Amino acid sequence: MLTYSFKRVVQLLVTVLGVVTLVFFTMRLIPGDPISAMAGDNLSGAALDRMRSQMGLNDPLLVQYLAYLARLAVLDFGNTVTTKLPIIDLIVGALPITVSIAVGTIILTVAIAIPLGTLAAYMAHKGNRVLDNVITGVAMVLDLMPPFWTSLVCLLIFSLTLGWFPASGTVTIDDPVTLLRRVALPVLVLSMAQVATLARITRTAVLEVLNEDYVRTARSMGWSELRVLFRHALKNSALPIVTVIGLSFGNLLNGTVIVEFIFTLPGIGNLLVGGMNSRDYQMVQTLIVFYAMIFVVINFATDLIYRVFDPRVQF
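Residues numbered from 1 in each chain as written. Predicted model: local features only at pLDDT ≥ 70, side-chain atom pairs only at ≥ 80, totals over all residues. Heavy atoms only, no water.

*Asks:* Would you mind going over the overall build of the protein in detail, with residue names and values included?
*Replies:* The number of helices and strands found in the protein is 13 helices and zero strands. Mapped from its N terminus to its C terminus, the protein presents α and β elements in the order α-α-α-α-α-α-α-α-α-α-α-α-α. With the C-alpha coordinates of the protein rotated into their principal frame, the extents come out at 85 × 55 × 35 Å. Classification of the 315 residues of the protein by burial places 41% in the buried group. Element-wise, carbon and sulfur atoms account for 69% of the exposed surface of the protein, whose accessible area totals about 16700 Å². In the protein, the 21 positive side-chain charges and the 18 negative ones have mean positions that sit 8 Å from each other. (Helix = DSSP H or I, 4+ residues; strand = E, 2+ residues; numbered from the N terminus. Buried < 20%, exposed > 50% of the residue type's maximum accessible area, 1.4 Å probe, protein only. Areas by Shrake-Rupley, 256 points an atom, 1.4 Å probe, with all protein chains shown as cover. Lys, Arg positive; Asp, Glu negative; His and termini not counted. Charge placed at Lys NZ, Arg CZ, Asp CG, Glu CD.)

*Asks:* Any chance you could break down unusual backbone geometry for me, citing the residues and the numbers?
*Replies:* Unusually for a residue other than glycine, Thr-264 sits at a positive phi of about 50 degrees. Counting through the fold element by element, Thr-264 comes out in the loop between helix 11 (238-262) and helix 12 (268-277).

*Asks:* Would you mind going over the confidence of the model for the protein in detail, with residue names and values included?
*Replies:* Averaged over every residue, the pLDDT of the protein is 80; residues scoring 70 or more account for 93%. When pLDDT is averaged over each element of the protein, helix 5 (residues 87-125) comes out on top at 86 and helix 2 (residues 34-39) at the bottom at 66. (pLDDT = per-residue confidence, 0-100.)

*Asks:* Before we move on, can you summarise the packing of aromatic side chains with the specific residues and values?
*Replies:* Following the criterion strictly, the structure yields five aromatic pairs and no others. Ring geometry for Phe-158 against Trp-164: centres 5.8 Å apart, planes inclined by 35 degrees, an arrangement best described as tilted. Three or more aromatic residues link up through ring pairs in this structure, and these residues are Phe-24, Phe-25, Tyr-65 and Tyr-68. (Phe/Tyr/Trp six-rings, centres within 6.5 Å; stacked < 30°, edge-to-face > 60°.)

*Asks:* Describe the side chain of Thr-256, listing the residues and the values that go with them.
*Replies:* Within the element layout of this structure, Thr-256 appears in helix 11. Among residues more than four places away in sequence, those in contact with Thr-256 are Thr-98, Ile-101, Leu-190 and Tyr-291. (Contact = heavy atoms within 4.5 Å.)

*Asks:* Let's hear about helix 12: which residues, and what values?
*Replies:* Along helix 12, the positions that sit buried rather than exposed are Ile-268, Gly-269, Leu-271, Leu-272, Val-273 and Gly-275. Looking at the buried residues of helix 12, the elements they touch are helix 5, helix 11 and helix 13 (281-309). Directly after helix 12, the chain includes Arg-279, whose backbone phi takes a positive value near 60 degrees.

*Asks:* Any details on a nonpolar patch on the surface? Residues and values, ideally.
*Replies:* Taken together, Leu-156, Ile-157, Leu-160, Leu-162 and Trp-164 make up a surface patch of nonpolar side chains, about 520 Å² in accessible area. Within the secondary structure, Leu-160 is located in helix 7 (residues 147-161). (Patch = residues over 30% accessible without salt bridge, like charges linked within 9 Å, V, L, I, M, F, W, Y side chains within 5 Å. Salt bridge = Lys/Arg side-chain N within 4 Å of Asp/Glu carboxyl O.)

*Asks:* Explain the side chain of Ser-237 to me, using residue names and the numbers behind them.
*Replies:* As for its position among the elements, Ser-237 is in the loop between helix 10 (225-233) and helix 11. The class for Ser-237 is buried, based on a relative accessible area of 2%. Here Ala-205 takes part through its backbone oxygen, which lies 3.3 Å from a polar atom of the side chain of Ser-237. Separated by 2.6 Å, the side chain of Ser-237 and the backbone oxygen of Ala-233 make a polar contact. Once you skip the residues sitting within four places of it in the chain, Ser-237 turns out to touch Ala-205, Val-206 and Val-209. (Polar contact = N/O pair within 3.5 Å; in protein donor to acceptor, adjacent residues only side chain to side chain.)

*Asks:* Go over the packing of helix 7 against helix 8 (residues 176-209), please, and point to the residues and values.
*Replies:* For any two helices packed against each other, the geometry is given by the interaxial angle and the distance between the axes. Where helix 7 meets helix 8, the closest approach of the two axes is 9 Å, and the angle between their N-to-C directions is 140 degrees. One way to sum up the angle between helix 7 and helix 8 is to call them oblique. As for how helix 7 packs across helix 8, the hand of that crossing is right-handed. Where helix 7 approaches helix 8, its residues Pro-147, Thr-150, Ser-151, Cys-154, Phe-158 and Ser-159 are matched on the opposing element by Leu-185, Leu-188, Val-189 and Met-192. (Axes fitted to C-alpha atoms, helices over the stretch in contact; angles between N-to-C directions. Parallel < 35°, antiparallel > 145°, perpendicular 65-115°, else oblique. Left-handed = near helix turned anticlockwise from the far one by under 90°.)

*Asks:* Quick rundown of the environment of Arg-71? Include the residues and the values.
*Replies:* Considering the arrangement of structural elements, one finds Arg-71 in helix 4 (residues 61-73). Counting along the chain gives 23 residues from Arg-71 to Leu-48, while the straight-line C-alpha distance between them is 23 Å.

*Asks:* Describe the packing of helix 7 against helix 11, and please don't skip the residues or the numbers.
*Replies:* Where helix 7 meets helix 11, the axes come as close as 10 Å, and the angle between the chain directions of the two elements is 30 degrees. As judged from the angle between their axes, helix 7 and helix 11 are roughly parallel. In this structure, helix 7 meets helix 11 at a crossing whose hand is right-handed. Across from Phe-148, Ser-151, Leu-152 and Leu-155 in helix 7, the residues of helix 11 making contact are Ile-258, Val-259 and Ile-262. Of the residues in the contact of helix 7 with helix 11, the class split is six nonpolar, one polar and no charged. (Nonpolar A, V, L, I, M, F, W, Y, C, P; charged D, E, K, R; others polar.)

*Asks:* I'd like a description of the nonpolar core, backed by residues and values.
*Replies:* Within the largest apolar cluster, 30 residues are counted, with the highest numbers of intra-cluster contacts made by Ile-91, Ile-268 and Leu-287. Of all the secondary structure elements, the ones that give two or more residues to this core are helix 1 (2-29), helix 4, helix 5, helix 11, helix 12 and helix 13. Looking at this core element by element, the count peaks at 10 residues for helix 13. Listed in part, the 20 residues of the second largest apolar core include Cys-154, Leu-179, Leu-190 and Phe-249. (Core = buried A, V, L, I, M, F, W, Y, C linked by side-chain atoms within 4.5 Å.)

What follows is the structure in structure tokens.
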């Protein structure tokens, strides 16, 4: 396990370096002058040159790249161009909101999707196709609804019509009740698509193992169907389910950008949208790298969990 973890850490560092390099040079390939775009008509001539020099954009590209890597190595993300505030402070302030949405979505998704998928597989195995078709059909419908559309519908119904959840207002991690009410709808919206995907994967994975010999052996020993289903069938179907959960976390990062903007939540996604609207070159670049690093770390954690469920997994 130690050797496996070491190899995965080395691969993670190489992947992070590749992502950082790709983001850095992609940002430089975008047509136009980022400083002129950020300054608009407010600055010209020497003022623009001074601003480029302050940001190191007059240096050779290789020098900029090495300086960027050196700053990242000590978690120095620099300051925003528009407000001059340290970007790391903005990320730390916004991260609890985004993490609350992501973790809440994963918990709700797992709590609903895995039992539903397992039940659908059991019903299909027993020849009862009605409930199986209903669960599968509802999952497909939920999967087809885009988050921006379900966000607007939930906002209209639960906030503006019924008044159950606030549509706007301040929210901080120090006020858990308000935080819970503000993130409830975003969590519900993001969970819909995740539940649909995870339930279908769980159904397929569990259905495949229900005909295995060890499942029949467990039944012949007189164990209850629930014990056979959840202790043997579900456990041995865990690898594809864990894979989908890991990938879902990555998709959630994209989803949080949409729901945070629609529900006016001050998370990382809203920070990214604000950076793009204000043409804050430094902010956008840093947040894209930050999102990519989170995705890589989640995939690394998923690979480690593989070994927990199946020690035969080799690097």
